[in-house]
Amino acid sequence: MEGRNVEFVSGLHQLFKHLKPSLSRLDISGTTVEDVMLGLEETDENFHRYDFVKYLRKTLENSMGPVIDAAVERRDCTNNSMYDNESFVQSVTEEATESKIFTDLVAEMCDKSVSAANILVKCFEEDRGVNGDDDAESELSKQMRDMLSEEASTSASTFNQGVFFISQGEFHLIAKEMDVKQSTEVRYNALQRLCRVPPSDVMASESWSHLCVSLMDALADNDPLIANKALSFHAKMFAVASHQILRETHTCLTGHLTKCLESPANQLPIVDDVVSLEKPLVKQLIKKYRLLKEFHCEVPSIWVRFPENFIERVVDSTFQLLSSHINTAADFNVDTLSALDIYSLIDPKATWFRKWLHGNYSRAIVMKTINERYRDFMVDIVGNSLSYCDRLSPREINKTHASRPNEKKKHSRRLVYTRKEISFLHFVQSTSLLAHLLNYSEGRKIFPLHQHDEVITIQQILLSWIKVLRCAKSKPRRDQKSNFEPASLVGKALANLCSCDSFVRTYVDDDVIKSLIQPILNWMEGDENMLSESTMLHVAEILSCLASTTSGRKLLLEKHQSSDNSNDHSRPVHVIAEFASMLLTNQLPRQPPGVTVLYPVTGAFVFVCRQIYNACDGLLVLIKYNLHKDIALAWKQASQDSSDVVDTDLQSSPTHATSKNFSSWKETLLDNLLNYAATPKGISLLQGTGVMNEAVAYMYSRYKKKLQVSRCEKFGYGVMATQVASTAAGITALSKTGFISAIIKEIWVNLEFASDEVTTPRPPSIQPIDRSVQKVFTNLVNIFNSYPAIHEIFCGVPLDNRDSYVIRDIPHRPVDLLDRLIMLNNPSKTHSLLNYEQSHLFGLRLLTALSCSLDAWLLLETQYNIQEELLDAQKRNMSNEGEMIIDQLSIERNHLLVRCNVIGCNQSERHLPARTLTPPMTSHTTGEGNLTSTRAFAWPLFTSLPVPKDYLPNMSAISGTSNSHHGKRDNSLVKFLNKTKSSEKNRSWLNSLQTIFESTVVNQPITSQLLIEVIDKSIAAMERSTEDRIFRKPQGVKVSSYMSSKPSSNLSAVVKSGIKLAVRYGRHVMALKSNVETSCNNLSCVMSASNKLLCDQQAYSPDYKLTSGPYPCHDWFASTLFLMMSGNKDKCFSLLFRFSELLPSGFMWPARLHASIHLHEDVRKSSISPLYSCTGHNVELILQAELPLVYSAFRMCGYTPSQITQHWLSQCFWNYLSWNQITLYIAVVIVMGVDYQVYICISILRSLQREIFSHRQTQDLQVFLRENSLKDFDIGKWMKYMRELQRKYRVSVLKSMREVTSTCSIHKP
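Note that the structure is a prediction, hence the values are computed from the model and not measured.

### As for helix α15 (residues 308-322)
Stage number 1. The terminal C-alpha atoms of α15 lie 21 Å apart, and with 15 residues this matches the ideal 21 Å at 1.5 Å per residue to within 8%.
Stage number 2. Inspection of α15 places F310, I311, V314, V315, D316, S317, T318, F319, L321 and L322 among the buried residues, and these make up the whole buried set.

### What about the pattern of salt bridges?
Stage number 1. Here the structure, examined in full by the defined rule, presents 33 salt bridges.
Stage number 2. The closest approach of N and O atoms between D800 and R813, which form a salt bridge, is 3.5 Å. Note that D800 is positioned in the loop between α40 (787-794) and α41 (814-821) and R813 in the loop between α40 and α41, a separation of 13 residues in sequence.
Stage number 3. Classification of D800 as partly exposed rests on a relative accessible area of 35%.

### Quick word on the packing of aromatic side chains
Each aromatic ring pair is characterised by the separation of its centres together with the angle its planes make.
Stage number 1. Going through the model one piece at a time under the given rule, you end up with 42 aromatic pairs.
Stage number 2. Geometrically, the ring pair formed by Y289 and Y343 is edge-to-face, given 6.3 Å between the ring centres and 80° between the ring planes. Taken together, the residues Y289 in helix α14 (residues 280-298) and Y343 in helix α16 (residues 339-346) connect sequence positions 54 residues apart. Per residue, the accessibility class of Y289 equals that of Y343, and both read buried.
Stage number 3. Taken together, a centroid distance of 5.0 Å and an interplanar angle of 85° make the contact between W352 and W356 edge-to-face. In this pair, W352 and W356 both sit in helix α17 (residues 351-356), four residues apart, roughly one turn of the helix. We note that W352, like W356, is buried.
Stage number 4. Connected via pairs of aromatic rings, a cluster forms that spans Y289, W303, F319, Y343, W352, F353, W356, Y374 and F377.
Stage number 5. Over the aromatic face of F484 sits the side chain of K349, whose NZ or CZ is 5.2 Å from the ring centroid.
Stage number 6. The positively charged end of R1246 is found above the aromatic ring belonging to Y1281, 4.4 Å away from the centroid.

### Considerations on the nonpolar core
A general trend in soluble globular proteins is that nonpolar side chains are found buried together.
Stage number 1. Within the largest apolar cluster, 382 residues are counted, with the highest numbers of intra-cluster contacts made by W465, F605, F997 and F1213.
Stage number 2. Top contributing element to this core by residue count: helix α60 (residues 1219-1232), with eleven residues.
Stage number 3. With sequence-adjacent residues up to four places away left out, W465 is seen in contact with S385, C389, T431, L434, A435, L438, V490, A493, L494 and L497.

### Some points on the environment of F52
Stage number 1. Tracing the sequence through the fold places F52 in helix α4 (residues 51-77).
Stage number 2. A relative accessible area of 8% places F52 in the buried class.
Stage number 3. Distance from F52 to S10, taken between C-alpha atoms, is 7.9 Å for residues 42 residues apart in sequence.
Stage number 4. Once residues within four sequence positions are removed from consideration, F52 is found in contact with F8, G11, L12, Q14 and L15.

### As for helix α62 (residues 1249-1258)
Stage number 1. Among all positions in α62, only I1252, H1255 and R1256 are buried. For α62, the buried positions fall inside an angular range of 115° around the axis, keeping them on one side. Exposed side chains of α62 directed beyond 90 degrees from the buried face belong to R1250 and Q1257.
Stage number 2. On the buried face of α62, the contacting elements are α58 (1188-1196), α61 (1236-1247) and α63 (1261-1267).

### Regarding the confidence of the model for the chain
Stage number 1. Scored by pLDDT, the chain has a mean of 83; 84% of the residues are at 70 or more.
Stage number 2. Confidence, read as mean pLDDT per element, is least for helix α7 (residues 139-148) in the chain (41) and greatest for α61 (97).
Stage number 3. In the predicted structure, residues 130-164 sits below a pLDDT of 50 and forms 55 contacts with residues beyond four places in sequence or in another chain.
Stage number 4. Per-residue pLDDT stays below 50 along residues 401-411; that stretch engages in twelve contacts with residues further than four places along the chain or on separate chains.

What counts as what
- Residues numbered from 1 in each chain as written.
- Predicted model: local features only at pLDDT ≥ 70, side-chain atom pairs only at ≥ 80, totals over all residues.
- Heavy atoms only, no water.
- Helix = DSSP H or I, 4+ residues; strand = E, 2+ residues; numbered from the N terminus.
- Expected span 1.5 Å × (residues − 1).
- Buried < 20%, exposed > 50% of the residue type's maximum accessible area, 1.4 Å probe, protein only.
- Salt bridge = Lys/Arg side-chain N within 4 Å of Asp/Glu carboxyl O.
- Phe/Tyr/Trp six-rings, centres within 6.5 Å; stacked < 30°, edge-to-face > 60°.
- Lys NZ or Arg CZ within 6 Å of the ring centre and 35° of its normal.
- Core = buried A, V, L, I, M, F, W, Y, C linked by side-chain atoms within 4.5 Å.
- Contact = heavy atoms within 4.5 Å.
- Arc of directions from axis to C-beta.
- pLDDT = per-residue confidence, 0-100.

Set out below in structure tokens:
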């Protein structure tokens, strides 16, 4: 027994020893120490490791375990349905605590505690005596001594923290002593004892119902000591993580506050139009509401762990309190404040309600409760907001704000409020509640509301709020927590709502748009009642949020339904654009009152236009206003003005301020101008302003800082940089700013650890492209995704090929990257790489992605002889036995060599080898049939050309299938062509042909000869149409003047290499029957003749390499026709000669409009192909409308649909479609109309939806689309879908295509 006492005393001493540092840091008082002791289990992670706690737990288990088990068994023998979980636990607990064993245990533990405390105090005093410390006792020692004294260690109090095991009789006694009939002292002592009891024991007692009533009486007591103690008890109960305790405490407090509203003695009166908070009773009431509000703000963070009935009780009791005695009078002529009024004083912007609606779990319950029981409360809330808005005027706002002294002082406390201020705060609270509610679809379902005979709709609320904007005095700010101006409040609410596409689509109508546009019209007309600058800024912010959503942009672009006239003001976008143009050019009829500088308003409305023109459909509408020119002119003027200001007096303080304003204004203009680069057509407009370099430099400065494009943008600068890099001017600007060098440096740092920072070496990567360089690899692929970018950077730039390289040499140019990572023809290059295999593999993968463009591969191969280096590298990778060493590098080089030497659709026309080791005993189809291999790598590796036949499928079988596919001539189409006379070939005849041809393509195969015949006769019909024949040749020009029997020697090396590839492919698919030499000579003749034909209609510009001479790429369209004509050079060029005058030639034949005199001069000098600026723009326009998820997937990857479509179309789908589908593509676009080029691209992207989404997740969408063929795409199966697209978009697509060649089309209004 003595050993147990020693264990008890030592455990208690250990506990105090660990508590001493915590208590010494506190401003110690009885209450503070009590709080620490009560929360010890939650705050001390070692609580359950203390010997004292272990001793108590062990004693309880040994003594009370059998008692509890017996009680549970007895209840199991009875009917279990009588008990729910709560009542079952409570009944067992009551039986255990009322047992004699438990009573004896409590007495024993109390005796031990007293004895141990006396021993510790005695030891403490002796220790002080021995040490001879004459210093005064510390406050902590005094407190601890008091806590350990015998007087404080009774059965009613242990360590001053309350009774741990209080009996039910004691609870009955406390409840009796707390009765209002008892004296103040008795009630206070009872409250003190109750506060020392753990909350769980209080709630579980039989006297809780009586205690609850007594607590409510104590809260309402006039004695501040009792009221404060009762309030402290509630605060203590709110700190417990038990939903039963929280629920009952909340119900008790809200019940008390509800009674206060019914009792005149406890109400907040309004005396002489003033509410004073100086009285003690009033302060006490405010404290109660503040405690309730704090609970409402904190409880959402934990109630997801609690059952739904807890949330339902809390929500119901809260709204019951707030809806009691609510003041609904329009003029606020009341004598007392309601609960909502008091809440308005404490939390004007209803922060608690916003937190309640944040989580879906609680939001559903809140919305259900309001909809079922408190719709009248919402009617009052909405009515109060609307009535205040209706009677609001600028004069009223000035009075309200003038009557609020010391508003800007952060630490000032208001104790007196006027009736108008209370009314205003009530409006703020009501509007905030309403705004939070409307942010969610469930909240919007509560509307419409019915008030008397009137119906309140969301549209009415929006219109009423917009009227308040006319009274704006302050400008909108992002941080508006301390801004209580009505216009700022409703302006922020409207901006948030208008940023939600679903809200805009359902609730924003023409009336709302008109009310937003009206202030703009007043400024444009110079109305005497012009609204303030602040109002215009609020309107601009709301309109920009509207324009950032798809539905909002559609509303602004569409004509008002109620408008019968056809003028521009019937479309909101025209009003906005015209106003922005007037602001930029300073053409307003009169200066707005009180406005000296229009920069903020101008920037705000240009930003609205920016949200419209950075989308394809919006740009087409705004293009006639020449905003890009106005913005560029304003930027140039601002640049000139800012330099003049700085030069005037550099030391002048006002001058510095003015210079800063100019700098900010210049950045605003440059930022808005840069956003034209968001669309293909916008790129050409941006380049036409002459500010491309400055805009790209600005973009790079923000890109380096990883800044957001704007507050309304969902994506970063990745898409914009990709669009810019698609043009020669854009890639040149990116190169000048250091954008490309920064990417290359980042690649090198991650690949070769070329950084001065000391870092831990990474483990070897098991992926071909390590995750550390995945993003920069993708960025580099994006930048060089178009041939113009590759041509501008690589053309004519030699490799360094130095004799020696060192590790510290870091490449800065793309050609340096090619030299260091791919062309490893020097041992010094290999030795200079710290991570040779990973770096070389990275270079090979990059080259594979670039070489998917046939023109890019031909350029790089003819300049750097890459193919020979790859073959030499394979030879160097041989073992002593003459076997090829199979590793990741040899496999990757093998894949690249096959890809670049064999043209065709994957699987059907060529076999691309795997990039990984294939399992043993695998088989694949080869030219000789099925080849089974037991090697680790089933595909043959080679060190010289030609490519092994294993990679070339047997085209005879495919040819047989092809012949059956293009089998017998279709009777209906043949009959139609045969019965047609030459004179009948006109537009009407062509329409009939389109119908029959479409039906044939969908239902029956067509022979190759018939396709040629259809194409020939369609061209003959279009030649008679002035609508289609737009590229006129000089009169008297004949085919014979261009065509010669011998090929010209002036063909470039790129073209010659392309001819060999084309002939090789033609023979492989059995389109060419003659020998290789003859076919090459014939195709060379065609190329020479077409070059002569086109050069006569070209005007070169030295600004860019791409436009400094003839078409630098191989002509894949001419090669396709040559193969379709079975190698007949005369028939092929004759068709090209006639086709060159027609509109489709400008888009199907990329060489046709290269530096062409038929283009506007600005377009011709920009080097931007119509295939990108027009076809690509239309693809993005339709894709955004028809397949928005696919469009978003592209943007999330920093990639654009226009780039991949330009890539496919520029090489006429070679390597992507099978030969049969390529010929069908040519025929469909010529016969059905050039707009079908756009529809085919949309159909392809739709067919790839699932793959696009999948590779968006793996972040390799760019590489997937470039490296993989469209083997499953069949044009015939998608004709029906393309016909639907034609019905929707033909007018707009054909219009934009014709405007490309118009000398006054898109660049002039």
